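Residue-level listing of the chains:
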2 protein chains.
Amino acid sequence: MTPKKPKSENSIVDIAKALGISPATVSRALNNNLRISEATRARVKEMAKEMGYRHNSMASSLRNRRSNIIGLIVPRISMYFHVFFITSLQRQLQAAGYNLMICQSNDSVSVEKELANTLYSARVDALVVSLTLYTENIAHFDGFLRQGIPLVFYDRVPTRRTEAYVIKGDDYRGGLLAGNHLIQAGCQRIAYISGPLSCSIYQERTRGFVDSLAKHHIPLRQEWIYYHELTAENAWDSLRKLFEGDIIPDGLFAANDTTAIAAVAFARERGIAIPDELKIVGYSNDPRAAIITPAITSIEQYPNDMADKVAETLINALQHRHTPSPNTIGEPLICPVDLVRRMTT
Amino acid sequence: MTPKKPKSENSIVDIAKALGISPATVSRALNNNLRISEATRARVKEMAKEMGYRHNSMASSLRNRRSNIIGLIVPRISMYFHVFFITSLQRQLQAAGYNLMICQSNDSVSVEKELANTLYSARVDALVVSLTLYTENIAHFDGFLRQGIPLVFYDRVPTRRTEAYVIKGDDYRGGLLAGNHLIQAGCQRIAYISGPLSCSIYQERTRGFVDSLAKHHIPLRQEWIYYHELTAENAWDSLRKLFEGDIIPDGLFAANDTTAIAAVAFARERGIAIPDELKIVGYSNDPRAAIITPAITSIEQYPNDMADKVAETLINALQHRHTPSPNTIGEPLICPVDLVRRMTT
DNA sequence: TTGTAAGCGTTATCAT
DNA sequence: ATGATAACGCTTACAA
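Please read all numbers here as calculations on a predicted model, not as lab measurements.

Asks: Is there a simple way to explain the protein's contact with DNA strand D in this structure?
Replies: Surveying the vicinity of DNA strand D reveals 26 residues, the closest of which are T25 and R28 of chain A together with I12, Y53 and R63 of chain B. Taken together, the sugar and phosphate atoms account for 69% of what DNA strand D places within 4 Å of the protein. A distance of 2.9 Å separates a phosphate oxygen of DNA strand D from a polar backbone atom of S37 of chain A. N31 of chain B has a polar side-chain atom sitting 3.4 Å from a phosphate oxygen of DNA strand D. The element best represented in the surface near DNA strand D is helix α4 (residues 57-64) of chain B, accounting for four residues. Considered class by class, the residues forming the surface near DNA strand D number eight nonpolar, twelve polar and six charged.

Right, dumping it as structure tokens:
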């Protein structure tokens, strides 16, 4: 009986044996180490191909104490803004030699916690997070900070101060722009449908919007303000209530485009003329806002630019891991937004 | 000088030392191994928490020869169908203890190849792939098959026979339904805008569509058929050509909804009445198809159901890794589709 | 129920 | 330029 070892797969040791050289040399050759002769490098690579060798990143990661994986926790990949953000971020990280592990919290705080723990154990080299609508306590990310693992929050960021990097859109200005635009378009009775105030972006949009109305001495009726998850269903509920009284709004700021789209559909069903009887501003500049009739005025957030900032921050932090320059942290980085005017205003 | 080891982080060995027991016991306790006393299990877990221990999945993966990571290569996450598919698949795999590593080929064959190699080296436990528009040679996935790593193609699958699992929508039937529906709606001059025939789904949709017209003795004019990437820009180009002659189509089958949406916009600009002068059927039942005016008739593909099938196949294959039952492979699994009628027909 | 010891595959360090 | 060796942290026969 031949003592045939079941040898599942060839390792650098096997290559070394086959070539009569040491595993260290093989490793160096495969990693294009400088001080290895061209000749052996070539021999090694050829033998590797011949033997069907594949690099084992688990072993390599264990030895190097780095996984080359970057974790991403995002509320939902179905949101337009995040899709564009992710695509751009992934391209850049890929180019820098990192893999992105994309996870969805589905706007559940408990899922977010689980994912944070999983990615923590998985030894991701860095973590990028956009929080759920309801995350107020961010203690589940503390481990990353303690271990000096780069942690970047973007878009939906913590509402309290943190040692992590923070990169966000200028939601305050977005709210301000929306309010100003509706007022300049002649609206006097402006309604507002916002997401929950536990979430940074809605806090900020609300602040900006409220400031705008105050500045122009436009009254803000509490009965015309709604805070809830910005789904089409919720939007319809709120719209029904908004339009059931005698005094009805002539302007609406919807804190996302799903809500703005629902408002357009609602107005059509009720025979409310847009923009004559009701003007609408949405948020995010979802592609749907442009194709619907009438096309919706919205706030553009430039997801690609934000992805650039995040990628830059990440790569910088990963390179200088030994000098955790805390001076670059602290102040949130704020990305510009713009109002895109269309047919609803 | 105190010989203070720089001990970066605590391992099970440290816990063992602190407790005066062996690392093996600690490992077993943390893994809830059956034959460990309740008492020590509790002691270990407490000490682990106290010492801020975190599991090292790199080490664990190396030892176990499994990463618990499943790779996914998808053309673009911006496509509605894939977003829903991914979300559903990820939820199920997460529940089964796997992490999903989502990558985008961006419809580039070379990127697809790179990603396949990266995920191969990353030692993913399985790979799920929807091919680019242009992937005809699938040799870059051969390594997975050779190593017995479960490989599942879904939606855009290889056009040639493969040993991998294949799960696809019933695109032939989708094309058939679209053709039949337009004909029953009274169309006589039907145009067709398809994706490139290098891609399985467009091959099949075309076959079904062609068969439908043949069966009903409706002529198929070659000048009314276009094959190209289904972007809005390309759609406009083709539509312009379609409507520049004397004889113009009264029906259009668009092989995706982006194209159908472009057709609606084109018709509006040209003052072509829909559905009276032109009837349109799209594909995928993109949510945009429902909100545009007029709402577009489309083919629903049930991405969640396909994700269920893929998850089931994967988990099954991963459990029986030692019995690579080849009988379950071979025949593609075909998922049903339905026509959703709206205002464009 | 717990301990001992070897090994997963790679790479950094030190030596030659 | 190359080799020998140890170690990364965990798991699992095998022993006790």
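Asks: Help me out: how do you make sense of the sheet that holds strand β9 (residues 279-281) of chain B in this one?
Replies: Sheet strands line up and pair through hydrogen bonds in the backbone, either parallel or antiparallel. Residues and elements named next belong to chain B. The strand order across the open sheet built from four strands is β7-β6-β8-β9, with neighbouring strands paired in parallel fashion. Taken across any chain shown, the strands that pair with only one partner, and hence form the sheet edges, are β7 (225-227) and β9. Mean inter-strand twist for the sheet, computed between neighbouring axes without regard to direction, equals 10 degrees. The strands touched by helix α10 (residues 232-242) within the sheet are β6 (190-194), β7 and β8 (251-254), with β6 carrying the most contacts at an inclination of about 155 degrees.

Asks: Help me out: how do you make sense of helix α8 (residues 171-184) of chain B in this one?
Replies: Because an α-helix completes one turn every 3.6 residues, residues spaced three or four positions apart along the sequence face the same direction. For α8 of chain B, which comprises 14 residues, the first-to-last C-alpha distance of 20 Å matches the rise-based estimate of 20 Å (1.5 Å per residue) to within 8%. For α8 of chain B, every residue scored as buried is listed here: D171, G174, G175, L176, L177, A178, G179, N180, H181, L182 and I183 of chain B.

Asks: What am I meant to see in the packing of aromatic side chains here?
Replies: In this description, a pair of aromatic rings is defined by centroid distance and the angle of the planes. In total, this model carries 23 aromatic pairs over all chains according to the counting rule given. Each ring, one from F253 of chain A and one from Y283 of chain A, has its centre 6.3 Å from the other, and the planes form 45 degrees; the classification is tilted. With F253 of chain A in strand β8 (residues 251-254) and Y283 of chain A in the loop between β9 (279-281) and α12 (287-291), this residue pair connects regions lying 30 residues apart in the sequence. By relative accessible area, which is 0% here, F253 of chain A ends up buried. Since its relative accessible area comes to 0%, Y283 of chain A is described here as buried. With a centroid separation of 4.7 Å and an interplanar angle of 55 degrees, the aromatic rings of Y80 of chain B and F84 of chain B are classed as tilted.

Asks: Is there a simple way to explain the domain arrangement of chain A in this structure?
Replies: Many authors give the size of an interface as the accessible area that is lost as the parts come together. Each assigned domain of chain A is listed here: domain 1 (12-55), domain 2 (68-169 + 303-335) and domain 3 (171-300). Between domain 1 of chain A and domain 2 of chain A, the C-alpha centre-to-centre distance is 37 Å.

Asks: What is the right way to read the sheet that holds strand β3 (residues 126-129) of chain B from this model?
Replies: All names here are of chain B. One open sheet holds the six strands; their spatial order is β2-β1-β3-β4-β5-β11, and the pairing between them is parallel. In the strand order of this sheet, the two ends are held by β2 (99-104) and β11 (333-335), each with one partner. Across the sheet, the axes of successive neighbouring strands diverge by a mean angle of 20 degrees, strand direction being ignored. Direction of pairing for strand β5 (residues 165-169) relative to β11: parallel, over a ladder of three bridges. Counterpart to I167 in the pairing with β11 is L333. Of the strands in this sheet, β1 (69-74), β3, β4 (151-154), β5 and β11 are in contact with helix α13 (residues 303-319), which crosses β5 at around 170 degrees.

Asks: Looking at this structure, how should I read the UniProt feature "domain: HTH lacI-type" (unreviewed entry) in chain A?
Replies: When the UniProt feature table is mapped onto this chain, "domain: HTH lacI-type" (unreviewed entry) is found at residues 11-64 of chain A. Secondary structure across residues 11-64 of chain A comprises 69% helix and 0% strand; the distance between its end C-alpha atoms is 17 Å.

Asks: Help me understand the relation of the copies chain B and chain A in this model?
Replies: Two copies of one chain are present, and they are related through a rotation about an axis combined with an axial shift. Screw-axis analysis of chain B against chain A gives a translation of 0.0 Å along the axis, an RMSD of 0.0 Å, and a rotation angle of 180 degrees. Here the transformation between the copies is reduced to the relation of a two-fold axis.

Asks: Teacher, can you tell me more about the interface of chain B and chain A here?
Replies: The interface is formed by 40 residues belonging to chain B together with 40 residues belonging to chain A. Approximately 3900 Å² of surface area, both sides summed, lies buried where chain B meets chain A, with 56% of it carried by carbon and sulfur atoms. The interface formed by chain B and chain A holds two salt bridges in total. As a salt-bridge pair, E9 of chain A and R123 of chain B come within 3.7 Å of each other at their nearest N and O atoms. Here chain B and chain A share 18 residue pairs in polar contact (both at pLDDT 80 or more) between them. Elements with a minimum of two residues in the side of chain B that touches chain A: α4, α5 (80-95), β2, α6 (109-121), α11 (257-270) and α12 (287-291) of chain B. It is β2 of chain B that contributes the most residues to the side of chain B that touches chain A, six residues altogether. Classifying every residue of the side of chain B that touches chain A gives 18 nonpolar, 16 polar and six charged.

Asks: Even after reading the chapter, I still don't get the protein's contact with DNA strand C, so can you show me in this structure?
Replies: Lining the immediate surroundings of DNA strand C are 26 residues, of which Y53 and R63 of chain A together with T25, R28 and R63 of chain B lie closest. Within 4 Å of the protein, the contacting atoms of DNA strand C are 66% sugar and phosphate, with bases supplying the remainder. Within the side chain of T25 of chain B, a nitrogen or oxygen atom sits 2.4 Å from a phosphate oxygen of DNA strand C. Take R65 of chain B: an N or O atom from its side chain is 2.9 Å from a phosphate oxygen of DNA strand C. The leading source of residues in the surface near DNA strand C is helix α4 (residues 57-64) of chain A, at four residues. Considering only residue class, the surface near DNA strand C consists of nine nonpolar, eleven polar and six charged.

Here is what the cut-offs are and how they apply
Residues numbered from 1 in each chain as written. Chains lettered and ligands numbered in written order. Predicted model: local features only at pLDDT ≥ 70, side-chain atom pairs only at ≥ 80, totals over all residues. Heavy atoms only, no water. Near = heavy atom within 4 Å. Polar contact = N/O pair within 3.5 Å; in protein donor to acceptor, adjacent residues only side chain to side chain. Helix = DSSP H or I, 4+ residues; strand = E, 2+ residues; numbered from the N terminus. Nonpolar A, V, L, I, M, F, W, Y, C, P; charged D, E, K, R; others polar. Pairing = 2+ DSSP bridges. Axes fitted to C-alpha atoms, helices over the stretch in contact; angles between N-to-C directions. Contact = heavy atoms within 4.5 Å. Expected span 1.5 Å × (residues − 1). Buried < 20%, exposed > 50% of the residue type's maximum accessible area, 1.4 Å probe, protein only. Phe/Tyr/Trp six-rings, centres within 6.5 Å; stacked < 30°, edge-to-face > 60°. Domains from an automatic or database assignment. UniProt positions renumbered as here; feature names shortened; annotations may be inferred. Least-squares fit on C-alpha atoms with pLDDT ≥ 70 in both. Buried area = accessible area lost by both parts, 1.4 Å probe. Salt bridge = Lys/Arg side-chain N within 4 Å of Asp/Glu carboxyl O.

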